[in-house]
Amino acid sequence: MTKYLVIVIAAIINANGAIASAEVVEQPVFEKDVLPIFTRYCFNCHGKSSPQLGLDLRSARLTMRGSQNGAVLVKGSLEESLLWKKVSTREMPPEIFKLRLSDDEIETVRRWIETGAASEESTELPEDVQQHFARFEKEIQPILTERCSACHGEDEPDAALDLTSLESLVRGSNSGPVIVEGFSEKSILIRKVASHAMPPPDSDDPLTAAEIQTITRWIDNGRFADFVDVKPRPNQSADSAEAPTISDEDRQFWAFQKPIAAPLPEVKDKQRVRTPIDQFILAKLESRGLTFSPDASKLTLLRRACFDLTGLPPTPAQTREFLDDERPDAYEHLIDRLLASPHYGERWGRHWLDVVGYVDTAGKDFNPTKATLSDGYWRYRDYVVNATNQDTPWDRFLVQQIAGDELVDWRNAEKYSPEILELLTATGYLRNVLDATDEDISNLPFDRYEALFMLMERVSSSTLGMTLACARCHDHKFDPIPQADYYRFLSLFTSAYNPTEWLPPKKRHLYDVSKTEQAEIERKKKEANATLSTLKKQLKELRAPYRDRLREEKLNQIPEADRAEVEAALATAAKKRDKNQKALASKYEKTVSVTDAQVDAALSEADRMARDTLQEQIREGQAVLDTLRIEKIQALWDVGEAPTIRLLHRGDVEFAGPIVSPGFLTVLSEPGKSTAVPSTAAVGKTTGLRLAFAEWLTSPDHPLTARVIVNRLWQHHFGKGIVATPGNFGISGARPTHPELLDWLAVEFMRQGWSAKRFHKMMMTSTVYRQMSKREVEENDEQGSQIAGQPSPTEIDRDNRLLWRMNLRRLDAEALRDSVIAVSGQGDYTLGGPPVLLKAASSGLQTVAADKRRSVYLIARRTNPLTFLRVFDFPIIDVNCTRRSESATPLQSLTMINSEFLTSSADHLAQRVEETVGSDAPLAQKIEKAYWFALSRSPSHSEVEAAQEHLQHLNQLYETSGAAPEDMTKKSFAQFVHMLLCSNEFLYID
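Residues numbered from 1 in each chain as written. Predicted model: local features only at pLDDT ≥ 70, side-chain atom pairs only at ≥ 80, totals over all residues. Heavy atoms only, no water.

## Structural notes on the overall build of the chain
Inference 1: Of the regular secondary structure elements, the chain holds 39 helices and 8 strands.
Inference 2: Seen through its C-alpha atoms, the chain measures out along the principal axes to roughly 130 × 110 × 60 Å.
Inference 3: Burial statistics for the chain: of 990 residues in total, 51% are counted as buried.
Inference 4: A fraction of 70% describes how many contacts in the chain between residues 6 or more apart in sequence connect residues 24 or more apart. (Helix = DSSP H or I, 4+ residues; strand = E, 2+ residues; numbered from the N terminus. Buried < 20%, exposed > 50% of the residue type's maximum accessible area, 1.4 Å probe, protein only. Contact = heavy atoms within 4.5 Å.)

This is the structure in structure tokens:
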């Protein structure tokens, strides 16, 4: 027995040994087993040409080197190997490449990592590489040592660029690589020495042409980058990206200091003061020998207030009501009514939509004939309009848009409440930046960061009134914003716009119901569809005998010789019919077909009642099914774990530098308090970083937020902000014309609860707002903008920077279109909903067919808006629009005269006049009514006479051309009202 056991044990040992030997033999080797997989699936992004994130998979040694974010492979450990995680979950290669590893290929990669990542790669450098290294030591290093080592030596080299070794040369400077293997023209080192910028002209002689040529040839013919192991710089640790210290001098700039309300200044002409705003403006006017212009007329104030608050002209009824109101505070009551109008939110919501770069379309929108919509994004537009109408405090308004998803635990909600829907919709503010990652193979790190860079510009210019784009590549040229600050600020948003867990635009949506509600809706839809299917089947079965009988009767009308062949032809599928069958079907198919109407006419009384019952049940069932819809919301939320974010040298994703941690702009933060700490108020599975940013942004101590908001409100009332560059409060932006007023307004705005409506009323009841807009006043006027004995106001302040009169303003694009529609009586004032689509004419013009809704509800296209709006300076959206351009061009005049929209609207206005006063009314009465509709006033006696003469002349012209008398009168009057629509009085706000 013992001998037998020994034999068995020996056999087992030998068998195990054989198995182990087989395993050793089958161990995957990189060059033979893994490289072919990487070559096929990975080299698009991780091959020789600019490997993404620095990850080069062309050899085992380069793979072990890892990416800019660290190692991707740990020998023997699948859990610690990021490469395995990406491959095993099929996250890589990306779906857009339509390449999919087989299970066997994934298994090969698994075994290769698990068994130690074996490679046959030689430890010795290839001969040509050794020769290239030798050339560096013999030819290149002596030049660099002699000409450059004084500044770029070993101890503390300038810009951290050490040129004393090949390894340090390849590593580059703080700003990234200075040589690019094979491309001397892309190498910063060659650019600097060839332009004689280096060595500095005052320190040493420039390199000779021969020396430059030697370095150039070495770079162009080189093969060295893959074989130089670059050690990380000592200051490239995870904690080394702290923003450089901002000096006290940097913080002294006016926009970087907390606003403080100055005491109200004393003025001489106290009778003209209605609000504290007047004291600030008048004090400055008086210091220059000026005063306010006279108050505008009641009618002028009415039109000014209506257009400013609603973007619509006053109706004749509104005009008469206001002009007849003799109460001392009639104007204040008017403002209250306008602020309460739903049209207020449409008007002022549109101003904010400019600032956030709102568009309804996805992608670049280059094709004028086709617009790809961002499904459901119009809900954000409606959120803005509703929040504006509700006078949502601006601090809350900003918090909702930046971090609405972090204020409620929507992920675990059984049912979405109206509050949850509102907060998720509000985050659409951070969606819809120009993003190409939906398109083909453009979902790469470069494209992802381009979208993030645009997001940074949108957020900074809309909330901070700062331009940060300069700091993407280097420290800001003008403002004290280090490059590290830019990437710390960017990292606040990368948990949602996650470069490593990227959601392309087509996947950036949630639904308007919770997951629980979605499941319930799907269950109900399944039941409803089953019920409808049964009912439709019953209806079909009810009709079947009648249909068969009627068809048989029709077949019997066909000659008997052809009947069988016709029946066979009709029973054969159209694609399978032979030539004869096609001919028979073409001849008799309509003859023998039986319609539902014919069947229903043949039904018995009982079956007719049964049919009616079934059809009613089908209608009810379909109505129920139509309510079981799930709509998309373009929302923002955190995706995956917070990624590692690095400073990108020169803004290039290929040259990542030190890791940065989330933070705010140092110059806008209290010293030592610029690091972002997740908000304790954040709810649910989220980082709380965006909410922390929103809380920092809306703090009463923040230097810019309130200033930026009140400056925009001021801009839309007076035509120009106190700071004329509303998107740039930095050093390169305009200085405030009234800095003390701006700070007082900012503090008062916060004190009044960040309420825009209160602020409107304060501005619009001021004397400065109520002034007339004329440049000069008559000598016999009781009041004037000029103090006796002083130069004229125009001589002192030609551009009206001191506001000694009201600025004359042209209607903006939407207000002009909406006014034309309003006065012609065609307006559709339905609120909200999906955008009204445009139609591209063969000429390329964008038109809208017959829809008369307000312009805010037309589809907002990035590059192809409604042509009429574009002519009048509607913006093309790249990132956003903080202030529209103002132009006066011949094309605008030609559009007013010749566009079909204006001529059609003039016809409607003429018809409206006739319907109101009657076709038999005197011509003078029609003229007066036209003036009331178009200009909100009665015409003067001379205007009536001139209009009558003009109409008489037009009638004569039409009579000469042979027009019928009734057409002649209508056409003449339509041309007359068209002239009113083209007048300056209609186009401009006085």
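## Notes on the nonpolar core
Inference 1: Core analysis: the biggest nonpolar cluster contains 130 residues, and Trp352, Tyr380, Phe489, Phe693, Trp714 and Leu745 have the highest contact counts within it.
Inference 2: The dominant element in this core, judged by the number of residues it contributes, is helix 19 (residues 445-464), at 9 residues.
Inference 3: When sequence neighbours within four positions are dropped, the list of residues in contact with Tyr380 reads Trp352, Leu353, Val356, Tyr358, Gln401, Thr425, Ala426, Gly428 and Tyr429.
Inference 4: Ranked by size, the runner-up nonpolar core spans 47 residues in total, among them Val820, Leu869, Ala930 and Phe976. (Core = buried A, V, L, I, M, F, W, Y, C linked by side-chain atoms within 4.5 Å.)

## Some remarks on the pattern of salt bridges
Inference 1: Under the definition given, this model contains 55 salt bridges.
Inference 2: Across the salt bridge formed by Glu266 and Lys270, the nearest N and O atoms sit 3.8 Å from each other. Neither Glu266 nor Lys270 differs from the other in exposure class; each is exposed.
Inference 3: With its nearest N and O atoms 2.9 Å apart, the salt bridge here joins Arg619 to Glu616. Linking Arg619 with Glu616, this pair stays in helix 25 (residues 605-627), spanning 3 residues, or about one helical turn. (Salt bridge = Lys/Arg side-chain N within 4 Å of Asp/Glu carboxyl O.)

## Quick notes on helix 16 (residues 378-389)
Inference 1: Between its first and last C-alpha, helix 16 extends 17 Å over 12 residues, near the 16 Å set by a 1.5 Å rise per residue.
Inference 2: Counting buried positions along helix 16 yields 10 of 12 residues, so the element is predominantly enclosed.
Inference 3: If you follow the buried residues of helix 16, they end up packed against helix 15 (342-355), helix 17 (394-403), helix 18 (418-426), strand 2 (632-633) and helix 29 (756-764). (Expected span 1.5 Å × (residues − 1).)

## Notes on helix 26 (residues 689-697)
Inference 1: Taken across its 9 residues, helix 26 has 8 buried, putting it largely inside the fold.
Inference 2: If you check which residues of helix 26 are buried, you get Leu689, Arg690, Leu691, Ala692, Phe693, Ala694, Trp696 and Leu697.
Inference 3: In the core, the buried residues of helix 26 are packed alongside helix 17, helix 19, helix 20 (483-490) and helix 27 (705-718).

## A closer look at the packing of helix 28 (residues 739-751) against helix 29
When two helices pack together, their arrangement is given by the angle between their axes and by how far apart the axes lie.
Inference 1: Interhelical geometry of helix 28 versus helix 29 gives an angle of 135° and a closest axis separation of 10 Å. As summarised for this structure, helix 28 and helix 29 are arranged oblique, according to the angle between their axes. In terms of crossing hand, the pair formed by helix 28 and helix 29 is right-handed. On helix 29, the residues touching Trp744, Leu745, Glu748 and Phe749 of helix 28 are Ala756, Phe759 and Met762.
Inference 2: Its residues assigned to classes, the contact of helix 28 with helix 29 comprises 6 nonpolar, no polar and 1 charged. (Axes fitted to C-alpha atoms, helices over the stretch in contact; angles between N-to-C directions. Parallel < 35°, antiparallel > 145°, perpendicular 65-115°, else oblique. Left-handed = near helix turned anticlockwise from the far one by under 90°. Nonpolar A, V, L, I, M, F, W, Y, C, P; charged D, E, K, R; others polar.)

## Notes on the pairing of strand 4 (residues 656-660)
Inference 1: In terms of burial, strand 4 is largely enclosed, as 4 of its 5 residues are buried.
Inference 2: Here strand 3 (residues 645-648) runs beside strand 4; their pairing, made up of 3 bridges, is antiparallel. Each bridged residue has a counterpart across the sheet, and for Arg646 the counterpart in strand 4 is Ile659. (Pairing = 2+ DSSP bridges.)

## What about the confidence of the model for the chain?
Inference 1: Averaged over every residue, the pLDDT of the chain is 89; residues scoring 70 or more account for 93%.
Inference 2: Residue range residues 237-243 is modelled with pLDDT below 50. Its contacts to residues more than four positions away, or to other chains, number 13 contacts. (pLDDT = per-residue confidence, 0-100.)

## Thoughts on the environment of Leu741
Inference 1: When you line up the elements, Leu741 lands in helix 28.
Inference 2: Leu741 gets classed as buried once you look at its relative accessible area, which sits at 1%.
Inference 3: Contact partners of Leu741, with chain neighbours within four places excluded, come to Ile277, Phe280, Ile281, Trp714 and Ile722.

## Quick notes on the side chain of Gln771
Inference 1: Assignment of secondary structure puts Gln771 in the loop between helix 30 (767-770) and helix 31 (793-796).
Inference 2: Taking relative accessible area as the criterion, Gln771 reaches 0% and is therefore assigned buried.
Inference 3: Residue contacts for Gln771: discarding those within four places in its chain leaves Phe292, Ser293, Pro294, Asp295, Ala296, Arg304, Leu803, Trp804, Arg805 and Met806.

## Considerations on the packing of aromatic side chains
A ring pair, where both rings are aromatic, is described by two values, the distance of the centres and the angle of the planes.
Inference 1: As enumerated under the stated definition, the model contains 35 aromatic pairs in all.
Inference 2: When the centroid spacing of 6.5 Å and the interplanar angle of 45° are considered together, the rings of Tyr931 and Phe976 count as tilted. One end of the pair, Tyr931, is in helix 36 (residues 923-935); the other, Phe976, is in helix 38 (residues 965-981), and 45 residues separate them in sequence. The pair Tyr931 / Phe976 is uniform in exposure class, with both members buried.
Inference 3: The structure contains a cluster of three or more aromatic residues connected by ring pairs, namely Trp352, Tyr358, Tyr377, Tyr380, Tyr383, Trp394, Phe397 and Tyr429.
Inference 4: The ring of Trp637 is capped by Arg431, whose NZ or CZ atom sits 5.5 Å from the centre of that ring.
Inference 5: Directly above the aromatic system of Tyr857 lies the positively charged group of Arg853, at a separation of 4.4 Å from the ring centroid. (Phe/Tyr/Trp six-rings, centres within 6.5 Å; stacked < 30°, edge-to-face > 60°. Lys NZ or Arg CZ within 6 Å of the ring centre and 35° of its normal.)

## Things to note about the environment of Trp378
Inference 1: Structurally, the position occupied by Trp378 is in helix 16.
Inference 2: Judged by relative accessible area, which is 19%, Trp378 ranks as buried.
Inference 3: Each C-alpha atom, one on Trp378 and one on Arg817, is 21 Å from the other, the two residues being 439 residues apart in sequence.
Inference 4: Residues in contact with Trp378, not counting those within four places in the same chain, are Tyr358, Asp360, Gly833, Pro834 and Pro835.

## Digging into unusual backbone geometry
Inference 1: Of note, the amide linkage connecting Met92 to Pro93 takes the cis form, showing an omega dihedral of -5°.
Inference 2: Along the chain, the position of Pro93 falls in the loop between helix 5 (82-88) and helix 6 (103-114).
Inference 3: Each neighbour pair has its own omega, and for Met198 with Pro199 the value is -10°, a cis peptide bond.
Inference 4: Considering the arrangement of structural elements, one finds Pro199 in the loop between helix 9 (188-194) and helix 10 (209-220).
Inference 5: Positive phi values are uncommon outside glycine, yet Asp873 reaches one of about 75°.

## Focus on the packing of helix 16 against helix 18
Inference 1: Here helix 16 crosses helix 18 at 110°, and the two axes come no closer than 9 Å. Comparing their axes, helix 18 and helix 16 come out roughly perpendicular. Between helix 16 and helix 18, the contacting residues are Arg379, Tyr380 and Tyr383 on the first element and Glu422, Thr425 and Ala426 on the second.

## Focus: the side chain of His46
Inference 1: One can find His46 in helix 3 (residues 43-46).
Inference 2: Owing to a relative accessible area of 15%, His46 belongs among the buried residues under this scheme.
Inference 3: Not counting the four nearest positions on each side in its chain, His46 is found in contact with Pro51, Gln52, Leu55, Asp56, Leu57 and Arg58.

## Comments concerning the state of the cysteines
Inference 1: Enumeration over the complete set of coordinates arrives at 0 disulfides.
Inference 2: Cys148 supplies the cysteine sulfur nearest to Cys151, a cysteine that is in no disulfide, at a spacing of 8.6 Å. (Disulfide = S-S within 2.5 Å.)

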